[in-house]
Amino acid sequence: MTENTPNAETPKKGVPTWVQVVIWIVLLSLLGLVGLGLRRAQQPVVAIGSPLQDFTLTLFKGYEYQGADSVKLSDLRGKVVVINVWASWCKPCEAEAPFLQEAWEYYEPSGQVVFLGVDYVDTEPEARASLEKFNITYPNGPDLGTRISQLLNRNMGVPETYMVDADGVLRYIKIGPFASTGEILTAINPLLP
Amino acid sequence: MKRPLWIILLTLLFTALTGSVALAQEPQPTPSDDAVNAIAKELFCPVCENTPLDVCPTEACKQWRALIRQQLAEGKTKDEIQRYFVVQYGARVLSEPPREGLNWLIYVVPPVLFVIGAGILFSVFRSWKKPLPEIAQPEADTPQPGGDDNYIKSLEAELRKRD
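If you're wondering where the values come from, they're calculated on a predicted model, not measured in any experiment.

### Some thoughts on the overall build of chain B
From N to C terminus, chain B includes six helices and zero strands. Buried positions account for 13% of the 163 residues belonging to chain B. In chain B, the proportion of contacts linking residues at least 24 apart, taken out of those at least 6 apart, comes to 41%.

The following block contains the structure:
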């Protein structure tokens, strides 16, 4: 019966243990990365009640903030900040543009509220034409590298509006256009210091 | 008769000259759609993901193609235009992610996994080709060293009986 049993003394040939360990570590790391990506994809929007990560918005010429060609969110502490993400090719953005401008004109004299227009995936000539068409006067600038929109919502779809209170905490999110100036005022008033 | 001939010749000359000048001044359709699309096909607008810029029908993408045309007309190269788009809209507009940071995983992991897989397959196929120890180099007429002689003898006897 010895013919039917393999030679037990034959040394095993195969992948060395350390190589197997390395392969498993690499595979598990890759799975971890995929898992993290999926988790982030399932939570695309910043959470209300949490401090909004700081960013700097470069501003179009003629749409500066207090003479500066860029504005940093953290420099606006003590004020309510209304961040409106828009684009010239976006029809719903055109629908809400007059309401935003009217609300800005309402709050501007108090100095308690700052509006920031973040121009998303747009070209400057069209963006400027759109700003002029709706007589927008509040600070506006391009979302360079789509960094700001990615910070707010990884699945950005314009228009979207985010409101940050005087402490830098995100308090309000509007996905889609405002239907009236009153809707904007109703959202901002509770946030005033 | 000489005067009308001169007039005709001068008129023809003038017409030929003005015609050629007009042709030379006619606006050329440069940069062409092909030149624009050659760059556009390697870009992706974040608004319409998975649709290359050269075939994307949205307004945003039309604006982008117009921007490429404008920059080509200004004499910018393909690399310069791509760099502009990356600065303006981020690296995710590129069809091929730049070779930096975690992006390297995209370029390194697949070939590494391929090589590992090929190695595993090679070792498996090689083990399949190995002859089994008990039937290795069988020689019917010579007794197997260290084998069970009685068993072989009885087997051969049985075979002879059957013949």
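Next, the rest of the story.
### With respect to the overall build of chain A
Assigned secondary structure in chain A consists of five helices and seven strands. Across chain A, helices and strands are ordered from the amino to the carboxyl terminus as α-β-β-β-α-β-α-β-α-β-β-α. Taking all 193 residues of chain A together, 33% fall into the buried category. For chain A, the share of sequence-separated contacts (at least 6 apart) that also reach a separation of at least 24 residues comes to 73%.

### Structural notes on the confidence of the model for chain B
In the predicted model, chain B carries a mean pLDDT of 80, and 77% of its residues have values of at least 70. Across the interfaces of the predicted complex, the ipTM metric reaches 0.72, alongside a pTM of 0.70.

### Description of the pairing of strand β6 (residues 160-164) of chain A
The two faces of the sheet receive side chains in turn, since in a regular strand these alternate between them. All names here are of chain A. For β6, the buried fraction is high: five of the five residues fall into the buried class. Of the two faces of β6, the one lined by Glu160, Tyr162 and Val164 and the one lined by Thr161 and Met163 are each fully buried. The sheet contact formed by strand β3 (residues 80-86) and β6 spans five bridges and is antiparallel. Residue Val81 lies in a different strand from β6, and its bridge partner there is Val164.

### Points about helix α3 (residues 59-73) of chain B
With 15 residues, α3(B) extends 21 Å between its outermost C-alpha atoms, agreeing within 8% with the 21 Å of an ideal straight helix rising 1.5 Å per residue. Among the structural elements, α3 (124-133) of chain A together with α2 (33-40) and α4 (78-89) of chain B are those in contact with the buried residues of α3(B). Trailing α3(B) by a residue or two, B:Gly75 shows a phi angle of about 90°, which is positive.

### Some thoughts on the packing of helix α2 (residues 91-107) of chain A against helix α5 (residues 181-188) of chain A
Residue and element names in this part refer to chain A. It is the contact of α2 with α5, at a shortest axis distance of 8 Å, that shows an interaxial angle of 50°. By the angle between their directions, the pair α2 and α5 is classed as oblique. At the point where α2 passes α5, the crossing takes the right-handed sense. Touching Phe99, Leu100, Glu102, Ala103, Tyr106 and Tyr107 of α2 are Thr181, Ile184, Leu185 and Ile188, all from α5. Broken down by class, the residue content of the contact of α2 with α5 amounts to eight nonpolar, one polar and one charged.

### So, the packing of α2(B) against α3(B)
Angle between the axes and distance between the axes: these two values describe a pair of packed helices. Residues and elements named next belong to chain B. Two elements in contact, α2 and α3, have axes separated by 9 Å at closest approach and are oriented at 115°. In terms of orientation, α2 lies roughly perpendicular with respect to α3. Crossing angle aside, the handedness with which α2 passes α3 is right-handed. Contact residues: α2 offers Ala35, Val36, Ile39 and Ala40, while α3 offers Arg65, Ile68, Arg69 and Leu72. Within the contact of α2 with α3, the residues separate by chemical class into six nonpolar, no polar and two charged.

### Quick word on the environment of A:Trp86
Inspection of the secondary structure puts A:Trp86 in strand β3. If we skip the residues at most four places from it in the chain, A:Trp86 touches A:Cys93, A:Gly117, A:Asp119, A:Tyr120, A:Val158 and A:Pro159.

### Details of the sheet that holds strand β4 (residues 113-119) of chain A
Residues and elements named next belong to chain A. In spatial order, the strands read β5-β4-β3-β6-β7; together these five strands make up an open sheet with mixed pairing. Both edges of this open sheet fall to β5 (140-142) and β7 (170-175), since each of them pairs with a single strand only. Adjacent strand axes in the sheet meet at a mean angle of 20°, parallel and antiparallel pairs treated alike. Bridging between β4 and β5 involves three bridges; their strand directions are parallel. Following the sheet pairing, Val118 is matched in β5 by Gly141.

### Focus on the nonpolar core
One broad trend across soluble globular proteins is that nonpolar side chains are buried collectively. Counting residues in each nonpolar core, the largest one holds 62 residues, and the members touching the most others are A:Val82, A:Ala87, A:Leu116 and B:Cys45. Beyond its immediate chain neighbours, meaning those up to four positions away, A:Leu116 contacts A:Leu57, A:Val71, A:Val81, A:Val82, A:Ile83 and A:Pro139.

### Brief notes about the environment of A:Ser149
Residue and element names in this part refer to chain A. Following the sequence through the fold, Ser149 ends up in helix α4 (residues 147-152). A residue is classified by how many C-beta atoms lie within 10 Å of it, and Ser149, with 23 of them, is buried. What Ser149 contacts, discounting residues up to four positions off in sequence, is Val85, Val118, Tyr120, Asp143 and Met156.

### A look at the environment of A:Glu108
Within the secondary structure layout, A:Glu108 lies in the loop between α2 and β4. A C-alpha to C-alpha distance of 8.9 Å links A:Glu108 and A:Tyr138, two positions 30 residues apart in sequence.

Rules behind the numbers
Residues numbered from 1 in each chain as written. Chains lettered and ligands numbered in written order. Predicted model: local features only at pLDDT ≥ 70, side-chain atom pairs only at ≥ 80, totals over all residues. Helix = DSSP H or I, 4+ residues; strand = E, 2+ residues; numbered from the N terminus. Buried ≥ 20, exposed ≤ 12 C-beta atoms within 10 Å, placed from the backbone. Contact = placed C-beta atoms within 7 Å. pLDDT = per-residue confidence, 0-100. Pairing = 2+ DSSP bridges. Expected span 1.5 Å × (residues − 1). Axes fitted to C-alpha atoms, helices over the stretch in contact; angles between N-to-C directions. Parallel < 35°, antiparallel > 145°, perpendicular 65-115°, else oblique. Left-handed = near helix turned anticlockwise from the far one by under 90°. Nonpolar A, V, L, I, M, F, W, Y, C, P; charged D, E, K, R; others polar. Core = buried A, V, L, I, M, F, W, Y, C linked by C-beta atoms within 7 Å.

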